[in-house]
Amino acid sequence: MKKCVEYQFPKIERKAFSLELTVIHIDRFGNITLNLEEKGYRQFIKNRWFVLTINDVQIKKAFSSYSQAREGELFLIGSSSSYMEISLKNSNAAKMLDAKCMDKAVLKILDQ
């Protein structure tokens, strides 16, 4: 009989004005799910300017719906699973960013 393996959910590394996040899922559309719940994102950002850096690319916008983004624009959005996702309007963010599961991303507050 095989034993189940316990999954260790990647922990968020917290600093005063930044969070080190991990890519935990990439869906068939290329949306990149991070290990940060939308509620935690909102508590951390508190309506301040931010930058999310992943694979040397910076993302500085977040939207509440896909329709708010411009064609080909990278942005953050809360997913249906309540985690934050990196999306690329009408395209594949994972391919554009050459992202894969367990890649690191840093969310930093700019106006502290």
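Heads up: the structure comes first, above all this text.
Everything numeric here is computed off the predicted structure, so don't read it as measured data. (Residues numbered from 1 in each chain as written. Predicted model: local features only at pLDDT ≥ 70, side-chain atom pairs only at ≥ 80, totals over all residues. Heavy atoms only, no water.)

1. Things to note about the overall build of the protein
The test is simple: Every helix listed is a DSSP run of H or I at least four residues long, and every strand listed is a run of E at least two residues long, numbered separately from the N terminus. Put simply, the radius of gyration uses C-alpha atoms, and a globule should come to 2.2 Å times the residue count raised to 0.38.
When helices and strands are counted, the protein shows 2 helices and 8 strands. Mapped from its N terminus to its C terminus, the protein presents α and β elements in the order β-β-β-α-β-β-β-β-α-β. Here the C-alpha radius of gyration of the protein, 14 Å, is about what a compact globule of 112 residues would show, namely 13 Å. The dimensions of the protein, computed from C-alpha atoms along their principal axes, are 50 × 35 × 25 Å.

2. Description of the pattern of salt bridges
Definition in use: When a carboxyl oxygen of Asp or Glu is within 4 Å of a side-chain nitrogen of Lys or Arg, the pair counts as a salt bridge. Throughout, exposure labels follow a simple rule: accessible area from a 1.4 Å probe, protein chains only, divided by the maximum for the residue type, with under 20% read as buried, over 50% as exposed, and the rest as partly exposed.
Taken as a whole and assessed by the stated rule, the structure comprises 4 salt bridges. For the salt bridge of Lys61 with Glu73, the shortest nitrogen-to-oxygen distance reads 3.0 Å. Within this pair, whereas Lys61 is found in the loop between strand E5 (57–59) and strand E6 (74–78), its partner Glu73 is found in the loop between E5 and E6, the two being separated by 12 residues in sequence. Using a relative accessible area of 37% as the deciding quantity, one classes Lys61 as partly exposed. Classification of Glu73 as buried rests on a relative accessible area of 8%.

3. Digging into the pairing of E6
The condition is simple: Should DSSP find at least two bridges between two strands, the strands are regarded as paired.
Of all 5 residues making up E6, 4 are buried, and the element is well covered by its neighbours. Across 5 bridges, E6 lies against strand E7 (residues 83–88) in antiparallel orientation. Bridged to Ile77 within E7 is Glu85.

4. Some points on the nonpolar core
To keep it simple, the criterion reads: Remark: nonpolar core denotes a set of buried residues (Ala, Val, Leu, Ile, Met, Phe, Trp, Tyr, Cys) joined through side-chain atoms within 4.5 Å. Contact definition: two residues touch when any of their heavy atoms are within 4.5 Å.
By size, the foremost hydrophobic cluster in this structure holds 25 residues, and its most contacted members are Leu52, Ile86 and Leu107. At the level of elements, strand E2 (18–26), strand E3 (32–37), helix H1 (38–45), strand E4 (50–54), E6, E7, helix H2 (93–97) and strand E8 (104–109) are the ones that each hand at least two residues to this core. Once residues lying within four places of it in the same chain are set aside, the contact partners of Ile86 are Gly30, Asn31, Ile32, Leu34, Leu52, Ile54, Ile59, Leu74, Phe75, Leu76, Ala93 and Leu97.

5. A short note on the packing of aromatic side chains
Counted only if it meets this: Each Phe, Tyr or Trp ring (for Trp, its six-membered ring) is paired with any other whose centre lies within 6.5 Å, and the angle between the two planes then decides the class: stacked below 30 degrees, edge-to-face above 60, tilted in between.
As enumerated under the stated definition, the model contains 4 aromatic pairs in all. Look at Tyr66 and Phe75: their rings are 5.7 Å apart centre to centre, the planes differ by 75 degrees, and that puts the pair in the edge-to-face class.

6. Notes on the pairing of E2
Both strand E1 (residues 13–14) and E2 contribute to a ladder of 2 bridges, which runs antiparallel. Bridging from a neighbouring strand, Glu13 pairs with Glu20 of E2. Here E1 folds back onto E2 in antiparallel fashion, the turn holding 3 residues. As paired elements, E2 and E8 share 5 bridges and run antiparallel to each other. In the sheet register, Leu21 faces E8, and the bridge partner there is Ala105.

7. Overview of unusual backbone geometry
Its identity is not glycine, yet Lys46 carries a phi of approximately 50 degrees, on the positive side. A positive phi angle, close to 50 degrees, is found at Asn55, a residue other than glycine. Considering the arrangement of structural elements, one finds Asn55 in the loop between E4 and E5.

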